[in-house]
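If you want the building blocks of each chain, they are given just below.
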Amino acid sequence: MAYKVLARKYRPQRFDDVYAQEHITKTLTNAINMQRIAHAYLFTGPRGVGKTSMARILAKSLNCIHGPTPAPCNVCDNCTEITAGTSSDVIEIDGASNTSVEDVRDLQRELMYATSKSKYKIYIIDEVHMLSKSAFNALLKTLEEPPENVIFIFATTEPHKILPTIISRCQRYDFKRIPVEDIVKQMKAIGESEEITIEEDALYTVARKADGSMRDALSLMDQVISYGSSQITGELVQSIFGILPIETYIDMLDRIQKRDSTGLLVSLRLLLDNGNDLQEFLNGFLDTIRNLLLLKIGVNLHELPKTIVRELKFRGEKFTENDLLYMISLLIKAKTDARFGSDPVLLTEMVFIKLTRISEIQSLDKMLELLDKQPSPQPQEQESFAQVQKEILHYTKERETENLVKEVTEEKPAIQELTPEYVQNNWEGLIKKLEKERKKLSSIYLQEGTVLDVRSNTIMVELKSPTAINSLERSIDDIQACAQKHFGIKPRFKFTVKEAEEEQYILNPTLEQIREETPELADFIEMTKSKVESRTPTKFKQ
């Protein structure tokens, strides 16, 4: 006979065998005893917690030859066929591969046929959330008023994907995750049945890794047994699944408490060099600090061995609750940064250095607490304080005004009249001041111009084009205000345009004069026997 895995070999066959779902087994048992059997059930919950097993047990309880009964015999033909999955009256359908409207119509046609030898025709649809919306809608009327001997049992891990109209037509039962202690108890009993010795630390390690799923726990136990034969230790389980021992995290906590950043980084590097996954390490360290915090605030941790609990309680005395909360917040951020960052190891090392500096960071809660303890001022004190504030504000504004006047008046020594030398020496400063005050165009035109003369505080500037004059005259007020701040006296500006030089012409040139200027032209005149005519010069301006 072929080997049967533990998850199938020890699958629950009665309501009493189902682990940690008493709120469901008791309800279904009472419903069967009272003959209050619904036409549709919906079992929801995480993977591996007993949804399909519960559906089969309910089917056996209803179709057993001694039933309906809450305790099926598991001996009659109906019970054995349902257990083996060969019953013609209990049909198990995979929702993932039967998602269309046509599949629902085929099912509806089958409903018309009577049962072969059982009282009820039961349809167990696993992963029912995979049905399409059209398939659900096609099932609505049948689900609300099915034939008298037809019962639907739906199972799903994602009930939010099922239409509310479907859920409202079913009795819904929510399965819970199985506690670590119940998983350990069941695995210990199975180990005794299989004549396998499993240490308590190994059982707790497997149970925690199963994350509330009995099927996952038994699958992991199968893997461990295949590797370690009849003697299973905690170290063996940790090496198989790449789980770091709790002592590693405790050692790191000691280094954090001693502010030993060098030793902490060396330990981290050794772990990574040995092939340990960084995310798994951060998850384990975060879980350890979380357990430390829960123990410190008085929460009992039944999912951990007693020896580990004692070790954590001892280490917890060296940290405050605020320290542990700060460490948790840093590690949560480190997980995200390490997952999406370009250099996860470097980011983790920086976080670990911060962990050794916890005492240097003042808690915000303490600061707020100190502020709350300050007595609130009395009404008279509040009025006095408001008056003081008003006087301080008035004094501050006066000082600002004085400083501004001082900046304007003392920036340049007071003068009575502008001189050409003074303007020439400070001309570049004026241009820079215009640039600083974002008068870029004015500064460019003035920089390209030339100061011709200064008379009676009037600065005469020669520019290159009329365009420059037009632009400067539009901004003359701003230029004069800026010049007043710079020179210490308000000047006037007079702009002129530089005239282009006249072109020089030689009147009635001789051939020798042309040859001196352009020998090639003279050669051309001689070769073509051309004549040189006189002309009247014309003056051009830019």
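Refer to the structure above for everything that follows.
Residues numbered from 1 in each chain as written. Predicted model: local features only at pLDDT ≥ 70, side-chain atom pairs only at ≥ 80, totals over all residues. Heavy atoms only, no water.

Participant: Please set out the environment of Gln257 residue by residue, giving values where relevant.
Facilitator: In this structure, Gln257 sits in helix H12 (residues 246-257). Overall, the relative accessible area of 35% leaves Gln257 in the partly exposed class. Separated by 62 residues in the primary sequence, Gln257 and Phe319 place their C-alpha atoms 7.6 Å from one another. When near neighbours in sequence (up to four residues on either side) are disregarded, Gln257 contacts Lys318 and Phe319. (Helix = DSSP H or I, 4+ residues; strand = E, 2+ residues; numbered from the N terminus. Buried < 20%, exposed > 50% of the residue type's maximum accessible area, 1.4 Å probe, protein only. Contact = heavy atoms within 4.5 Å.)

Participant: So what's going on with the sheet that holds strand E4 (residues 150-156)? Residues and values would help.
Facilitator: Spatial ordering of the open sheet is given by E2-E3-E4-E1-E5, a layout of five strands whose pairing is parallel. Pairing within the sheet leaves two strands with one partner each, and these edge strands are strand E2 (90-94) and strand E5 (171-174). Strand-to-strand twist in this sheet, taken as the mean axis angle between neighbours without regard to direction, amounts to 15°. Of the pairings in the sheet, the one linking E2 to strand E3 (residues 121-126) comprises five bridges and is parallel in character. Each residue of the ladder has a partner; that of Glu92, found in E3, is Ile124. (Pairing = 2+ DSSP bridges. Axes fitted to C-alpha atoms, helices over the stretch in contact; angles between N-to-C directions.)

Participant: Go over the pairing of strand E9 (residues 458-463), please, and point to the residues and values.
Facilitator: Summarising the sheet, strand E8 (residues 450-455) and E9 pair through five bridges and their orientation is antiparallel. Within E9, the residue paired with Arg455 across the bridge is Thr458. Here E9 pairs with strand E10 (residues 492-497) via six bridges, running parallel. Residue pairing for E10: Met460 is matched across the bridge by Lys494.

Participant: Which residues make up helix H2 (residues 22-33), and what are the values?
Facilitator: An ideal rise of 1.5 Å per residue puts 16 Å on 12 residues; H2 measures up with 16 Å between its terminal C-alpha atoms. Taken together, the buried positions of H2 are Ile24, Thr25, Leu28, Thr29, Ala31 and Ile32. One side of H2 holds all its buried residues, which, seen down the axis, span an arc of 165°. Residues of H2 that are exposed and point more than 90 degrees away from the buried face comprise Glu22 and Lys26. Looking one or two residues beyond H2, the residue adopting positive phi is Gln35, at roughly 60°. (Expected span 1.5 Å × (residues − 1). Arc of directions from axis to C-beta.)

Participant: An account of the packing of aromatic side chains is requested, with residue identities and associated values reported.
Facilitator: This structure, assessed with the given rule, holds 12 aromatic pairs. Between Phe43 and Tyr173, the aromatic rings sit 5.9 Å apart at their centres with planes inclined by 75°, giving edge-to-face as the arrangement. Taken as a pair, Phe43 in strand E1 (residues 40-44) and Tyr173 in strand E5 lie far apart in primary sequence, 130 residues in all. Tyr173 sits in the buried class, given a relative accessible area of 10%. With centroids separated by 5.4 Å and ring planes inclined at 65°, the aromatic side chains of Phe43 and Phe175 adopt a geometry described as edge-to-face. You can see Phe43 sitting in strand E1 and its partner Phe175 sitting in the loop between E5 and helix H8 (180-193), a full 132 residues away along the chain. Classification of Phe175 as buried rests on a relative accessible area of 5%. (Phe/Tyr/Trp six-rings, centres within 6.5 Å; stacked < 30°, edge-to-face > 60°.)

Participant: Please set out the environment of Thr458 residue by residue, giving values where relevant.
Facilitator: Mapped onto the secondary structure, Thr458 falls in strand E9. Exposure remark for Thr458: the relative accessible area of 16% places this residue in the buried category. In sequence terms Thr458 and Thr419 are 39 residues apart; their C-alpha atoms lie 9.6 Å from each other. Look past the residues within four positions of Thr458 in its chain and what remains in contact with it is Asp453, Arg492 and Lys494.

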